[in-house]
Amino acid sequence: MDNPGNGQQNIDHSGDEDENGYQVIEVDGDVTISDDDMEDAGSIEEKATGPSDDEEVQAISRCYRKHQGSVFSVAIDPINGHSALTGGEDDIAYLWSLESGNVLLDCQGHKDSVICVGFSANSKYFATADMSGIIKVWELETKQEIFAAECSDIEWIEWHNNYPVLLAGTTDGNIWMWQIPTGICKMHQGHGSKSTCGKILLDGNRACIGYEDGSVKLLDLRTLSTLYHISGAIGHSDAVTSVDIYSDGILVATSSLDGSIKIINSTNGKVIATHIASWPDNTSDDSNKEAEKSIEAVSFSKLQAMAASASLSGDLAVWDLPTQRLRHHCKHEGGISKLLWNPTKPFLYTGGLNGNILVWNGLTGECHKVWHGHYSEVLDLAISRDGERLLSCSSDGTMRLYTLQH
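All figures in this text were calculated on a predicted structure; none of them were measured in a lab. (Residues numbered from 1 in each chain as written. Predicted model: local features only at pLDDT ≥ 70, side-chain atom pairs only at ≥ 80, totals over all residues. Heavy atoms only, no water.)

Caption draft 1: Focus on the overall build of the chain. Secondary structure assignment for the chain yields two helices and 34 strands. When the accessible surface of the chain is totalled, it reaches about 16,100 Å², and 46% of it is carbon and sulfur. (Helix = DSSP H or I, 4+ residues; strand = E, 2+ residues; numbered from the N terminus. Areas by Shrake-Rupley, 256 points an atom, 1.4 Å probe, with all protein chains shown as cover.)

The following block contains the structure:
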């Protein structure tokens with residue numbers, strides 16, 4: 001794969017502003033590195049600080065390059081934030097040390113692109129899953145594979161928030177649940193539509209599942225039976241793209257290709273609110289408008305009673321939960337593919353189709369920083385539990401670590 005960064009030098013753009021008045025910090029300037037060096041190192045550290053009016057959103061960036069092709073998924077271990085996972089187009093997942101930048105394990109044995117990776121809640125295990133339906137679980141301490149299974153083509157995986165239990169959703173709509181490492185398995189039969197996303201609720205007894213037909217299910221994980229099926233006129237009119245759970249354990253948010261988000265009461269299955277959350281450019285043709293209205297992500301703040309949504313047309317919307325009113329409408333140039341809240345500060349991070357990561361203040365709606373680095377679209381984001389480290393991955397074949405300076 002060609003490296004578009006070869007030949008680029010570190011350039012200090014501190015204090016520069018783009019056309020929107022955002023301060024731009026150039027965190028990139030990849031150094032040409034040989035394959036032999038890459039085997040030993042695997043990462044390149046780059047400065048991302050520079051003068052700033054807001055010290056809380058400065059960062060130091062490190063670039064990790066090992067995959068041959070796009071990097072589809074990234075995860076950071078939730079206990080200490082020292083290890084990371086990447087899954088790529090080259091049918092391989094890598095376990096990284098974020099401290100040394102070295103690859104700790106090549107997770108071999110997949111037959112297709114590794115599109116999902118994740119650590120268990122206690123960081124004892126980690127899972128890798130590919131498009132062909134192969135799931136593998138490894139023990140972090142020993143780096144040994146302890147479980148493998150195969151099902152139909154996988155769309156997503158999700159670890160239980162308390163126990164070593166792994167969920168997976170597939171293209172045939174079935175939901176699989178394995179106990180690790182015993183491999184005891186249960187399966188929820190789908191209704192004929194692809195399962196596109198899923199999240200386990202905070203009580204650990206239920207899960208919210210989104211589907212390609214726009215419907216949403218709330219499942220009882222003890223029996224894998226359907227508690228509520230939200231569909232038809234009260235459901236989405238197109239595929240569900242993401243699900244998130246509010247800190248009260250009751251509210252659920254879903255986003256969709258139809259340009260809307262829904263806030264759902266998980267205790268009774270009632271839709272509390274539906275918000276149009278995308279405003280495509282009126283100059284676009286009809287086909288582009290249809291694609292651009294897609295809401296790619298929805299996420300609840302961990303600190304405030306707010307939710308945020310992000311669209312392919314570049315719309316970042318922040319919603320006030322008590323009033324269900326739009327609080328801020330912000331524009332991210334180039335479209336948004338991923339969205340995350342900082343768990344300890346009121347900051348939002350959006351990953352763009354242009355490779356940029358923008359840092360927003362969720363309270364004011366202001367864009368504080370634009371972090372350059374990736375040369376192609378951001379495909380996934382992950383943040384450490386303490387909010388100190390942000391990971392991104394891209395179709396440019398790299399993972400980047402942003403160590404946030406507080």
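Having seen the model, we can carry on.
Caption draft 2: Up close: the sheet that holds strand β11 (residues 145-150). If you walk across this open sheet you meet the four strands as β8-β9-β10-β11, and the pairing is antiparallel. Of all strands in the sheet, those bounded by a partner on one side alone are β8 (114-119) and β11. On average, each strand axis in the sheet is tilted by 15° relative to the strand beside it, whichever way the strands run. Judged from the five bridges that link them, strand β9 (residues 125-130) and strand β10 (residues 134-139) form a sheet pairing that is antiparallel. When the sheet's bridge partners are listed, Phe126 is paired in β10 with Trp138. (Pairing = 2+ DSSP bridges. Axes fitted to C-alpha atoms, helices over the stretch in contact; angles between N-to-C directions.)

Caption draft 3: Region of the structure containing the side chain of His110. In this fold, His110 is placed in the loop between β7 (103-107) and β8. A polar contact is formed between the side chain of His110 and the side chain of Thr128, at a distance of 2.7 Å. At 3.0 Å, the side chain of His110 and the side chain of Asp130 are in polar contact. When near neighbours in sequence (up to four residues on either side) are disregarded, His110 contacts Asp91, Thr128, Ala129, Asp130, Ile134 and Lys136. (Polar contact = N/O pair within 3.5 Å; in protein donor to acceptor, adjacent residues only side chain to side chain. Contact = heavy atoms within 4.5 Å.)

Caption draft 4: Fine view of the state of the cysteines. All chains considered together, the criterion is met by zero disulfides. Free of any disulfide, Cys330 has its nearest neighbouring cysteine sulfur in Cys367, separated by 8.4 Å. (Disulfide = S-S within 2.5 Å.)

Caption draft 5: Structural detail: the pattern of salt bridges. Following the criterion strictly, the structure yields eight salt bridges and no others. Residue Glu99 is joined to Arg389 by a salt bridge in which the shortest nitrogen-to-oxygen separation is 2.9 Å. Taken together, the residues span a long stretch of sequence, with Glu99 in the loop between β6 (93-97) and β7 and Arg389 in strand β33 (residues 389-394) at a distance of 290 residues. When its relative accessible area of 44% is taken as the criterion, Glu99 is described as partly exposed. Taking the relative accessible area as the measure of exposure, Arg389 reaches 17% and is therefore buried. A salt bridge links Lys194 to Glu212, with the nearest nitrogen and oxygen atoms 3.8 Å apart. (Salt bridge = Lys/Arg side-chain N within 4 Å of Asp/Glu carboxyl O. Buried < 20%, exposed > 50% of the residue type's maximum accessible area, 1.4 Å probe, protein only.)

Caption draft 6: Quick peek at the packing of aromatic side chains. This structure, assessed with the given rule, holds ten aromatic pairs. Between Tyr125 and Trp159 the ring centres are 6.4 Å apart and the planes differ by 10°, which places this aromatic pair in the stacked class. Within this pair, whereas Tyr125 is found in strand β9, its partner Trp159 is found in strand β12 (residues 154-159), the two being separated by 34 residues in sequence. For the pair Tyr125 and Trp159, a shared accessibility class is recorded, and that class is buried. Plain terms: the ring middles of Phe147 and Trp178 are 6.1 Å apart, the flat faces sit at 55° to each other, and that makes the pair tilted. Of the two residues, Phe147 sits in strand β11 while Trp178 sits in strand β14 (residues 175-179), which places them 31 residues apart along the sequence. Under the relative-accessibility criterion, Phe147 is labelled buried at 10%. Three or more aromatic residues link up through ring pairs in this structure, and these residues are Tyr64, Tyr94 and Trp96. (Phe/Tyr/Trp six-rings, centres within 6.5 Å; stacked < 30°, edge-to-face > 60°.)

Caption draft 7: Spatial organisation of the environment of Glu150. Tracing the backbone through its elements, the reader meets Glu150 in strand β11. Along the primary structure Glu150 and Ala129 are separated by 21 residues, whereas in three dimensions their C-alpha atoms are 9.4 Å apart.

Caption draft 8: Quick peek at the pairing of strand β23 (residues 270-276). Where strand β22 (residues 260-265) meets β23, six bridges bridge the pair, whose relative direction is antiparallel. Across the sheet, the residue bridging to Ile263 is Ala273, located in β23. Linking two consecutive strands that pair antiparallel, namely β22 and β23, is a turn of four residues; a positive phi of about 75° is found at Gly269 within it.

Caption draft 9: The arrangement of the sheet that holds strand β17 (residues 206-211) in detail. The four strands are arranged β16-β17-β18-β19 in an open sheet whose pairing can be described as antiparallel. The outermost strands of the open sheet, each flanked by one partner alone, are β16 (195-200) and β19 (225-230). Direction aside, neighbouring strands of the sheet carry axes that sit 20° apart on average. Relative to β19, strand β18 (residues 216-220) runs antiparallel, the two being bridged by five bridges. Paired with Leu218 across the strands is Tyr228, a residue of β19.

Caption draft 10: Inspection of the pairing of strand β27 (residues 325-331) at higher detail. As judged from the six bridges shared by strand β26 (residues 315-320) and β27, these two strands associate in the antiparallel manner. Within the sheet, the bridge partner assigned to Val318 lies in β27 and is His328. The turn linking β26 back onto β27 is made up of four residues, and Gln324 within it adopts a positive phi angle of 55°.

Caption draft 11: Structural context of the environment of Glu366. Along the chain, Glu366 turns up in the loop between β30 (357-361) and β31 (367-372). Placed 19 residues apart in sequence, Glu366 and Phe347 show a C-alpha to C-alpha distance of 9.9 Å.

Caption draft 12: The side chain of His374, seen in detail. In this structure, His374 sits in the loop between β31 and β32 (378-383). Judged by relative accessible area, which is 5%, His374 ranks as buried. Here the side chain of His374 touches Ser392 through a polar contact of 2.7 Å, side chain to side chain. A distance of 3.1 Å separates a polar atom in the side chain of His374 from a polar atom in the side chain of Asp396. With sequence-adjacent residues up to four places away left out, His374 is seen in contact with Asn354, Gly355, Ser392, Cys393, Ser394, Asp396, Thr398 and Arg400.

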